Amino acid sequence: MRFLADLALFVEVANTRNFGRAATALGMPASTLSRRISVLERELGVQLIHRSSRVFTLTDAGQSCYEQAKSLVAEAKRIQEGVAGSASQASGHIRVGVPFDLAQTIFVPLFSRYIRANPQFSVEVFSISGHPNLLTESLDLAIWVGHQLRLPDSSFWSRRIGTFARRLFASKEYLARHKKIQEPQQLTEHSCLCFMHGEALSQWDLYRGREHKSVKVGGAASANSVGMLARFAKEGMGIVLASDFLASHPGFGDGLVRVLGDWEATPAHLFAVTPSELQPERVRKLVSFMNENFEQALLEVTSHRK
């Protein structure tokens, strides 16, 4: 499947005669696309594209590969869309994995809006943590969270659909019982609630404009869900790094207040991840909908909690 997916990428590059245009059409970074073509060249043992020329040209092997691959890729897409079309006529069912707290606040309303507008489709939502294997979990689509503008190299296809800020919050009761925090380094004297990803992520990087502070923290509770951490903070257990909408949502933080108001952590980027670039039409449409409507959904959930 990965080899066929990479052939499809190569065909798109050859069709457009330009890495940048192909990357835009595929919804992926040009650097990732270039790496995938390099992997394909290593697997085939030949160079497909002349990379030293300012004019895009295929090598002789690349032209031969293109002539054979374009019909193969077209046939694969035809088969996939035909099967997906039959499936969508029967049920239009999409299995989606989403972190629980993001499902509760953003994606359940977003999915509901999509289904109301497209009643021929249905979704089955699963609560996930981290970056599960979509193939072994039998997921058509998953929402992954990262703190860089692109995910690390993966055999899965991904598209960034949105970003939100992460800030420091605590309950009024906790702040009333403890020494006032005026500088990031003072966090070492407080209970800081850490996200678990294999182990507790206890190195907090905070920014005020171009100023950067890295603080090693620890606390009385940790969890593999930011929503659970917000609940702990609501109970007065300490300070949490969270989004504004989790800090104010009645099911999670419900009234937490900002700590170190001038400082923020690295933002969270959300990615729609699918097992392959060769997506069924029903999945492609949902990904496009999420990408086009995420900012409005984020604005709505944030403004409703103020």
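So, here's what we can say about the structure. Keep in mind it's a predicted model, so treat the numbers as computed, not measured. (Residues numbered from 1 in each chain as written. Predicted model: local features only at pLDDT ≥ 70, side-chain atom pairs only at ≥ 80, totals over all residues. Heavy atoms only, no water.)

### Let's talk about the pairing of strand β4 (residues 122-128)
And step 1. Where strand β3 (residues 93-99) and β4 come together, seven bridges link them in parallel fashion. The residue of β4 that forms the bridge with Val 96 is Val 125. (Pairing = 2+ DSSP bridges. Helix = DSSP H or I, 4+ residues; strand = E, 2+ residues; numbered from the N terminus.)

### A word on the pairing of strand β7 (residues 192-197)
And step 1. The pairing of β7 with strand β12 (residues 239-242) spans two bridges and is parallel. Note that in β12 the partner of Cys 192 across the bridge is Ile 239.
And step 2. The pairing of β7 with strand β11 (residues 222-223) spans two bridges and is parallel. By the bridge assignment, Cys 194 is partnered in β11 with Ser 222.
And step 3. The pairing of β7 with strand β8 (residues 199-200) spans two bridges and is antiparallel. Counterpart to His 197 in the pairing with β8 is Glu 199.
And step 4. With antiparallel pairing between neighbouring strands as the criterion, β7 and β8 make up a hairpin whose turn holds one residue, including Gly 198 at a positive phi of roughly 85°.

### Structural notes on the pattern of salt bridges
And step 1. Applying the stated rule across the entire model yields eight salt bridges.
And step 2. Residues Glu 211 and Arg 208 are paired through a salt bridge, measuring 2.9 Å at the closest nitrogen-oxygen approach.
And step 3. Of the residues examined, Glu 211 reaches a relative accessible area of 31% and is grouped as partly exposed. (Salt bridge = Lys/Arg side-chain N within 4 Å of Asp/Glu carboxyl O. Buried < 20%, exposed > 50% of the residue type's maximum accessible area, 1.4 Å probe, protein only.)

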